There are 2 protein chains.
Amino acid sequence: MGNVTIKLLAERLNVSTATISKALCDSHEISEQTKQKVLELARELNYIPNAYASSLRRNRSQTIAVLIPEVADSFFSLALNGIEEVALQRGYHTLIYMTHEKLEREKAILKELSGGRVDGVIMSVTAETDSFEHIHNFSRQLPVVFFDRVCPDLNTAKITTNDFECGYLATKHLIEAGCRKIVLLAVSNSLSIMSERSMGFNKAIKDFDLNENDCRIVYCGEDAVYNYQLIKELMQGTNRPDGILATVEKLTTEIYLACNHLSINIPRQVKVVCFSNQASAVILNPSLTTITQPAFEMGKTAATALLKALKNNSLVLAEESMVIPSALNIRSSTSVAVQTY
Amino acid sequence: MGNVTIKLLAERLNVSTATISKALCDSHEISEQTKQKVLELARELNYIPNAYASSLRRNRSQTIAVLIPEVADSFFSLALNGIEEVALQRGYHTLIYMTHEKLEREKAILKELSGGRVDGVIMSVTAETDSFEHIHNFSRQLPVVFFDRVCPDLNTAKITTNDFECGYLATKHLIEAGCRKIVLLAVSNSLSIMSERSMGFNKAIKDFDLNENDCRIVYCGEDAVYNYQLIKELMQGTNRPDGILATVEKLTTEIYLACNHLSINIPRQVKVVCFSNQASAVILNPSLTTITQPAFEMGKTAATALLKALKNNSLVLAEESMVIPSALNIRSSTSVAVQTY
């Protein structure tokens, strides 16, 4: 490695190193014939460009960064899949950073990335992110595209799904299945997606004249054991809900385990809808009604928007924003007739 | 950005740019007092080092690459979590590449990475990888650590789990639960983990004197629809299995759906064990007996081995290899008494 340099190629072909360099970058200044010769020799000698030297020359790293809360979640892993697919096709590399829902970690990562390691960032903010100055500052240096969890007042591309409608639709579905005391399980009160889903929930409660004291929003935490206890207490309380709308996938296990432990039958005694992309939703006991988000598509669209901006050497335009609708998949966890899978 | 340079810092402090550069790298050639002054001024002026210039100076990218088949799989997403955690702690960045089980993609990625973009690689080979020359060549340039799916004859650190014992243990468990016609569902006949699991399976069949014609290995594909059909045909055949050992997590959904479609009761008519890290295993219908792999721990250990080698500027030593045991978690899908969750 490293023995075959641009200089060697130049000597062999009796041209300048600049010519070789431009030919390798597919510059319009170089004739097709010369490009062909250079590429053939480069292949023959197994020339490998030094990534860092290339980056310095082009002032581009050909690398994008993805900041997500976690990867052990079907939504984010599918979205990452979509991002990486587009990036790889266009010759970009993808750095992955997990914030684990910590604002401090998000800030530290963006600070580190200011050093020029990447050409742009695709991100979904943490559940703690209630101020956006660090993102504002960063976006003055490098293009940022948001997906799913956005920074509302930053003027850039935001790839989202119809969270308000889905919050409404899921709640309406629970009401039509007979639920009168519905609880929305949330994980943050600062996230854009959570407030959208909550507003949809509240509107449905109002539209269908449900008692607003019986329907409420309960905030869960990051810890599975804590959430399990919380849900158990909720289901043992005096005003037990007969419908649950969970806004994050990972709450499914805790809801099912708590109900199982308390011998509360799903769907007879409580009906459950969850925002989830888990393939296993169909084989749960009972199978789970879900709001399925277009995770892979959202990842692809976010990457496409960012790479378009990089190609044009422009900012990421807010006009690239897109809302890709989710789907309500009705299964046994909300059925009216008692059913066993 | 970019206005505050090493040159500016040097002028302000009336020292050479080399001094500034060495001070920022914490070189022993520079006094503590000078380092202090440089760091204070750098902080004050909000100096951000150019990542690429730093890389060239140090000939290090502070970046590692992770090659995995896919990320939408609990094992790999948890392992990636472990890798990223260690990397971030030590100031390393993590590039993620998905091979989607394609050997060609694995080759192309490694070729691209030869350019010096990363300091080392952590990888789990594809289901198609039946020759290892590309990895051998790559490992002469840069350190490679394997986890889970290894390249057997490459002399480097391999972080694995006890696949042979688990294949044996899971099969023994099925036999003790009464199964006599057991099928192992595999996805590749070249993967090291698959042959280990198969050997464990075969040994158990032999040790317990089961009819070897009734017990066999069936190879599944990449496509969910294809696998669903395959499993359905298997369960409709004349010699229907009464036990299934699935070697990859994603087959769970197809097994459950096929049995449900054919009204074959799990565990009464067929018992199922799956290699799986899915949190939802406990809430499936019926809850699933699993071989749970130490995914997060394997990722952490692999990253630790690689970063140790990078720190010492040495090869990754085969002595860093580690076998971290998996656990058999017995649940309703293999119960003898008929149970409904």
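Note that this is a predicted model, so its numbers are computed, not measured. (Residues numbered from 1 in each chain as written. Chains lettered and ligands numbered in written order. Predicted model: local features only at pLDDT ≥ 70, side-chain atom pairs only at ≥ 80, totals over all residues. Heavy atoms only, no water.)

Attention now goes to the environment of A:Glu112. Mapped onto the elements of the fold, A:Glu112 is located in helix H6 (residues 103-113). On the accessibility criterion, A:Glu112 (44% relative accessible area) is partly exposed. Put simply, A:Glu112 and A:Thr252 are 140 residues apart on the chain and 35 Å apart in space, counted from C-alpha to C-alpha. With near-sequence residues (within four places) excluded, A:Glu112 lies in contact with A:Arg117 and B:His93. (Helix = DSSP H or I, 4+ residues; strand = E, 2+ residues; numbered from the N terminus. Buried < 20%, exposed > 50% of the residue type's maximum accessible area, 1.4 Å probe, protein only. Contact = heavy atoms within 4.5 Å.)

All names here are of chain B. One pass over the full model with this rule turns up 20 salt bridges over all chains. Residues Glu-32 and Lys-35 are paired through a salt bridge, measuring 3.3 Å at the closest nitrogen-oxygen approach. Residue Glu-32 and its partner Lys-35 are both found in helix H3 (residues 32-44); the two are separated by three residues, about one turn of the helix. For Asp-163, the salt bridge identified is with Arg-197, shortest N-O distance 2.7 Å. With Asp-163 in helix H8 (residues 163-176) and Arg-197 in helix H9 (residues 192-207), this pair connects stretches of sequence that are 34 residues apart. Take Asp-163: its relative accessible area is 3%, and that puts it in the buried class. Since its relative accessible area comes to 1%, Arg-197 is described here as buried. (Salt bridge = Lys/Arg side-chain N within 4 Å of Asp/Glu carboxyl O.)

Partitioning chain A into structural domains gives domain 1 (6-58), domain 2 (63-161 + 295-325) and domain 3 (163-292). Its C-alpha centre places domain 1 of chain A at a distance of 33 Å from the equivalent point of domain 2 of chain A. (Domains from an automatic or database assignment.)

Turning next to the sheet that holds strand E7 (residues 216-219) of chain A. All names here are of chain A. With mixed pairing, six strands are arranged side by side in an open sheet as E7-E6-E8-E9-E10-E12. Across the chains shown, the open sheet's two edge strands, defined by having one partner strand only, are E7 and strand E12 (327-329). Averaged over all pairs of adjacent strands, the angle between strand axes in this sheet comes to 20 degrees, irrespective of strand direction. In the sheet, strand E6 (residues 182-186) pairs with strand E8 (residues 243-246) via four bridges, with the strands oriented parallel. Across the sheet, the residue bridging to Leu-184 is Leu-245, located in E8. In the packing of helix H9 (residues 192-207) onto the sheet, contacts are made with E6, E7 and strand E9 (271-275), and the angle to E6 comes to roughly 175 degrees. Across the face of the sheet, helix H11 (residues 251-261) comes into contact with E6, E8 and E9 while running at roughly 155 degrees to E8. (Pairing = 2+ DSSP bridges. Axes fitted to C-alpha atoms, helices over the stretch in contact; angles between N-to-C directions.)

The next point concerns the sheet that holds strand E8 (residues 243-246) of chain B. Residues and elements named next belong to chain B. Read from one edge of the open sheet, six strands run E7-E6-E8-E9-E10-E12, paired in mixed fashion. The open sheet has two edge strands with one neighbour each: strand E7 (216-219) and strand E12 (327-329). With strand direction ignored, the average angle separating the axes of adjacent strands in the sheet is 20 degrees. Together, strand E6 (182-186), E8, strand E9 (271-275), strand E10 (289-292) and E12 form the strand contacts of H8, whose direction differs from that of E9 by roughly 165 degrees. In the packing of helix H10 (residues 224-236) onto the sheet, the strands contacted are E6, E7 and E8, and the crossing angle to E7 comes to about 150 degrees.

All names here are of chain A. Taking 1.5 Å of rise per residue, the 16 residues of helix H5 (residues 74-89) would be expected to cover 22 Å, and the 23 Å separating its terminal C-alpha atoms lies within 8% of that figure. With 12 of 16 residues buried, H5 is to be regarded as a mostly interior element. Buried residues of H5: Ser-74, Phe-75, Phe-76, Ser-77, Ala-79, Leu-80, Asn-81, Gly-82, Ile-83, Glu-84, Val-86 and Ala-87, and no others. By the N-cap criterion, in which a side-chain oxygen at the helix start approaches the backbone nitrogen of a residue two or three places on, H5 is capped by Asp-73, the distance to Phe-75 being 2.9 Å. Two residues or fewer after H5 comes Gly-91, characterised by a positive phi angle close to 75 degrees. (Expected span 1.5 Å × (residues − 1). Polar contact = N/O pair within 3.5 Å; in protein donor to acceptor, adjacent residues only side chain to side chain.)

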